[in-house]
Amino acid sequence: MEALWLLLIPVLLIGGFFLIRSFMRLSKSIVELRTAMTDLAEAGAALNAVQDEVSRLGATVDEAHRQ
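Position numbers for residues start from 1 in each chain and track the written sequence from start to end. Since the coordinates come from a predicted model, pLDDT governs what is reported: local features require at least 70, and pairs of side-chain atoms require 80 or more to be given and counted, while whole-chain, interface and lining totals use all residues. Values shown for side chains rest on all heavy atoms present in the structure; no hydrogens or waters enter the calculation.

Points about the overall build of the protein
Filter applied, for reference: Runs of E in the DSSP output that reach at least two residues are strands. Runs of H or I that reach at least four are helices, and both are numbered from the N terminus. Atoms counted for the radius of gyration: C-alpha only. Globule rule: 2.2 Å times residue count to the power 0.38. In this scheme, a residue with accessible area under 20% of its type's maximum is buried, one over 50% is exposed, and one in between is partly exposed, where area comes from a 1.4 Å probe on protein chains only. Each accessible area value is a Shrake-Rupley result obtained with a 1.4 Å probe; residue values ignore everything except the protein chains displayed when judging cover.
Per the secondary structure count, the protein includes one helix and zero strands. By the compact-globule yardstick of 11 Å for 67 residues, the protein is too spread out, its C-alpha radius of gyration being 29 Å. Counting only C-alpha atoms, the protein reaches 95 × 10 × 5 Å along its principal axes. Classification of the 67 residues of the protein by burial places 0% in the buried group. Counting every atom, the protein has about 6,400 Å² of accessible surface; 71% of that belongs to carbon and sulfur.

Brief notes about a nonpolar patch on the surface
Using the following cut-off: Patch criteria: residues need more than 30% relative accessible area and no salt bridge. Like-charged residues are merged within 9 Å; nonpolar side chains of Val, Leu, Ile, Met, Phe, Trp and Tyr are merged within 5 Å. Salt bridge, as used here: a side-chain nitrogen of Lys or Arg that lies within 4 Å of a carboxyl oxygen of Asp or Glu.
On the surface, a cluster of nonpolar side chains totalling about 830 Å² of accessible area is made up of Met1, Leu4, Trp5, Leu7, Leu8, Val11 and Leu12. Here Leu7 is to be found in helix H1 (residues 2-66). Using a relative accessible area of 53% as the deciding quantity, one classes Leu7 as exposed.

Spelled out as structure tokens, the structure:
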């Protein structure tokens with residue numbers, strides 16, 4: 001019975017090590033995901049600005065063709 005307790009301690013230590021390591025990796029992945037989402041939001045805003053410029057240019061071209 002004591003052998004089971006002695007075997008349980010290294011199993012718990014090794015399991016705890018890998019559990020902590022996996023949580024650290026998860027935290028790092030969440031930070032990278034937040035950064036990617038921020039970059040995507042900035043790119044979306046820039047794309048909207050470009051779309052506004054293109055629509056203004058199209059309206060200008062249409063106006064020039066009418067005259």
